[in-house]
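Residue-level listing of the chains:
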Amino acid sequence: MPYDVVIIGAGTGGIPCAVEAARHGARVLLVEKDARIGGTLHTSGGHMSAAGTRRQRERGIADSVERHLADIERISGGTARADLVELAARHAPETIDWLDEHGFDFAPESPRLVYGHEPYGVPRTYYGKDGGLSILAVLKRLLDEQVAAGRVELWLGSTAIALTGAPGVTVLRNGVDEVEVTAPAVVLATGGFAADHELFQEIEGVPLVSAAHPTSTGDGLVIAREAGAAIAGRGRYLPTFGGLPHPTTPGKAYYEERPLLVATERLPWEIYVDRAGRRFVAEDERSIDRKERALASATDGTFWTVFDDRARLNSVPMVIGWSPDDVLAKAGTRKGVHKAGTIAGLAALAGIDPAGLTATVERYNAAVAAGRDTDFDRAHLPAPIADGPFFAMENHGITLITFSGLDVDERLRVRRTDGTPMPGVHALGELIGAAATCGNSFCGGMLVTPALTFGRLLGRRLATGGG
């Protein structure tokens, strides 16, 4: 059966691309390697950003695309792709209003300012009551309509294993049969590669500690690179600040139980140290961006929060969902959580240099006594680390998204290493790398929103002959 558009990946970008292409008359094949659609929407918080939406106006929030663009420029330090940021921001209000029109279940407090990363200057972050699943609920309804009408054919449990020059793809359907599919347009929307350790190490150049969705294995990037596609965004990687090691799986972080390290949400009683026992940032630094950059530049990605029993009882919650009794109970039983009667003994258990940690604690305690931290200008100095037992929690800079991805032009056509577009081959979503629309930063909503927006725009354009 002939297709007009073949889309690989039924997630945040692939589904709206399929829906819009079908709505505008195209015959679409949508291929998904998982047994269900949605991809990272099953685990994502689903944060989106847009300026000048209906919802902002209803709440009396004055905003504009120009202010949004200025905030992205400020937060990213001008490191994002200006053309793609402009395209995303200009059409973002339409995307949010489109979700609204189709019954999106907004969290009642949104849009709001979010402080998990550098905040915008205006409340323009939106999300659903069920995070990414709220977005998926809308997308699934719209996709089901097109499937039922016979305009979209959906292959689940099927993986694209090669690009062909027709253009087209070779698909391993149901894990058994290799099927050659050709179409005037192929859209790669398979997501990032933060669940593939070898690929991540090769491209980003740092060890992977992942909390990413398990299907984020870089399939689209691999097959496009084999066909000559270029990779963009190298050197823009930034870790998310801190996550406990997974209790059973090496190389993974357990994001559901994570230390609360954002100073705007909890002022710290603990200190942060590297393997040598040295502090590397002011623990009460309000900018999580500065903390993440300090972690990336001054450590190997691993650090420990070190505190005493007084801090355990008074600085709550140290870990989301944990009480002070939980901290005590998990010490020595939960991977990465340690307790000892002395600082040197704690360091030996945790894998920190004992002499280095002992000297750092002594220096920090002297700063508390003096009321001034001359090393990092920390202002919140509530108490010395002096009342045993003493605790250390291992943390890693963790990866939820990947910053590198396929190089595309302003029309989302995949480019070869010589800069020329590959005929009929397009890419969007996390597959083009978070650096395209976030730069070397975590810019709120500028991964999910561009995926939805680019998917809709590209689907519409391909269906109307504007490939």
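Residues numbered from 1 in each chain as written. Predicted model: local features only at pLDDT ≥ 70, side-chain atom pairs only at ≥ 80, totals over all residues. Heavy atoms only, no water.

**A short note on the overall build of the chain**
When its secondary structure is counted, the chain shows 14 helices and 18 strands. In terms of overall dimensions, the chain is globule-like: its C-alpha atoms have a radius of gyration of 24 Å, near the 23 Å expected for 467 residues. The dimensions of the chain, computed from C-alpha atoms along their principal axes, are 75 × 50 × 40 Å. Within the chain, the fraction of its 467 residues that count as buried is 57%. In the chain, once contacts between residues fewer than 6 apart in sequence are set aside, the share between residues at least 24 apart is 71%. Of the roughly 17800 Å² of accessible surface on the chain, 51% is carried by carbon and sulfur atoms. Both charge centroids of the chain, one from 48 positive and one from 58 negative side chains, sit 3 Å from each other. (Helix = DSSP H or I, 4+ residues; strand = E, 2+ residues; numbered from the N terminus. Rg over C-alpha atoms; globule rule 2.2 N^0.38 Å. Buried < 20%, exposed > 50% of the residue type's maximum accessible area, 1.4 Å probe, protein only. Contact = heavy atoms within 4.5 Å. Areas by Shrake-Rupley, 256 points an atom, 1.4 Å probe, with all protein chains shown as cover. Lys, Arg positive; Asp, Glu negative; His and termini not counted. Charge placed at Lys NZ, Arg CZ, Asp CG, Glu CD.)

**With respect to the sheet that holds strand 2 (residues 28–31)**
A sheet is described by the order of its strands in space; here six strands give the open sequence 5-2-1-9-18-17, paired in mixed fashion. With one partner strand each, in any of the chains shown, strand 5 (152–155) and strand 17 (413–415) form the two edges of the open sheet. Each strand axis lies, on average, 30° off the axis of its neighbour in the sheet, ignoring direction. Taken strand by strand, helix 1 (residues 14–23) contacts strand 1 (5–8), strand 2, strand 5 and strand 9 (185–188), and its axis lies near 170° from that of strand 2. (Pairing = 2+ DSSP bridges. Axes fitted to C-alpha atoms, helices over the stretch in contact; angles between N-to-C directions.)

**Focus on the packing of helix 6 (residues 197–204) against helix 7 (residues 219–226)**
Axis angle and axis distance: for two packed helices, these are the angle between their axes and the distance between the axes, and together they describe the pair. The geometry of helix 6 relative to helix 7 is characterised by a closest axis approach of 11 Å and an angle of 60° between their N-to-C directions. The pairing of helix 6 with helix 7 is recorded here as oblique in orientation. The handedness of the crossing between helix 6 and helix 7 is left-handed. In this structure, helix 6 uses Leu 199, Glu 202 and Ile 203 to contact helix 7, whose residues at the interface are Leu 221, Val 222 and Arg 225. Partitioning the contact of helix 6 with helix 7 into residue classes produces four nonpolar, no polar and two charged. (Parallel < 35°, antiparallel > 145°, perpendicular 65-115°, else oblique. Left-handed = near helix turned anticlockwise from the far one by under 90°. Nonpolar A, V, L, I, M, F, W, Y, C, P; charged D, E, K, R; others polar.)

**Thoughts on helix 6**
Along helix 6, the residues classified as buried are Leu 199, Phe 200, Ile 203 and Glu 204. Taken end-on, helix 6 shows its buried residues confined to a sector of 100°, consistent with a single buried face. The elements touched by buried residues of helix 6 are helix 7 and strand 10 (231–232). For helix 6, the side-chain oxygen to backbone nitrogen distance between the N-cap and Glu 198 is 3.3 Å, and the N-cap itself is Asp 196. Two residues or fewer after helix 6 comes Gly 205, characterised by a positive phi angle close to 75°. (Arc of directions from axis to C-beta. Polar contact = N/O pair within 3.5 Å; in protein donor to acceptor, adjacent residues only side chain to side chain.)

**Quick look at the domain arrangement of the chain**
How big an interface is tends to be expressed through the accessible area that disappears when the partners come together. Along its sequence, the chain is carved into domain 1 (5–194 + 400–464) and domain 2 (241–398). Between domain 1 and domain 2, the C-alpha centre-to-centre distance is 37 Å. Of the residues lining the interface, eight residues belong to domain 1; the matching set on domain 2 comes to nine residues. Across the domain 1 to domain 2 interface the summed buried area is about 710 Å²; carbon plus sulfur atoms make up 50%. (Domains from an automatic or database assignment. Buried area = accessible area lost by both parts, 1.4 Å probe.)

**Some details on the packing of aromatic side chains**
One pass over the full model with this rule turns up twelve aromatic pairs. Through successive ring pairs, a cluster of aromatic residues spans Phe 193, Phe 200, Tyr 237, Phe 403 and Phe 442. Here the basic side chain of Arg 124 rests over the ring of Tyr 120, its NZ or CZ set 4.8 Å away from the ring centre. When the ring centre of Trp 98 is taken as reference, the NZ or CZ atom of Arg 456 above it lies at 4.2 Å. (Phe/Tyr/Trp six-rings, centres within 6.5 Å; stacked < 30°, edge-to-face > 60°. Lys NZ or Arg CZ within 6 Å of the ring centre and 35° of its normal.)

**Things to note about the environment of Leu 428**
Mapping Leu 428 onto the fold places it in the loop between strand 18 (421–427) and helix 13 (435–438). On a C-alpha basis, the gap between Leu 428 and Leu 381 in space is 46 Å, while along the polypeptide they are 47 residues apart. Beyond its immediate stretch of four places on either side in the chain, Leu 428 contacts Gly 13, Gly 14, Val 187, Leu 188, Ala 189, Phe 454, Gly 455 and Leu 458.

**Looking at the side chain of Arg 378**
Locating Arg 378 in the fold gives a position in the loop between helix 12 (354–370) and strand 15 (390–398). Residue class for Arg 378 comes out buried when judged on its relative accessible area of 2%. From its side chain, Arg 378 meets the backbone oxygen of Pro 268 in a polar contact 2.6 Å long. Filtering out sequence-adjacent residues up to four positions away, Arg 378 remains in contact with Pro 268, Trp 269, Glu 270, Ile 271, Arg 279, Ala 282, Glu 283, Asp 284, Tyr 364 and Asp 373.

**Remarks on helix 1**
Of all the ten residues making up helix 1, nine are buried; the element is thus mostly covered by neighbouring parts of the structure. The set of residues buried in helix 1 consists of Gly 14, Ile 15, Pro 16, Cys 17, Ala 18, Val 19, Glu 20, Ala 21 and Ala 22. Positioned one or two residues after helix 1, Gly 25 has a phi angle of 100°, which is positive.

**Considerations on the pairing of strand 6 (residues 159–164)**
Here strand 6 runs beside strand 7 (residues 168–173); their pairing, made up of five bridges, is antiparallel. When the sheet's bridge partners are listed, Ala 160 is paired in strand 7 with Val 171. Following strand 6, the chain reverses through three residues before pairing antiparallel with strand 7.

**Some words on the packing of helix 1 against helix 14 (residues 448–463)**
Packing of helix 1 against helix 14 leaves a shortest axis separation of 7 Å and a crossing angle of 30°. If you check the angle between helix 1 and helix 14, you find them roughly parallel. In this structure, helix 1 meets helix 14 at a crossing whose hand is right-handed. Along the contact surface, helix 1 presents Pro 16, Cys 17, Glu 20 and Ala 21, while helix 14 presents Leu 452, Gly 455, Arg 456, Leu 458, Gly 459, Arg 460 and Ala 463. A per-class count over the contact of helix 1 with helix 14 returns six nonpolar, two polar and three charged.

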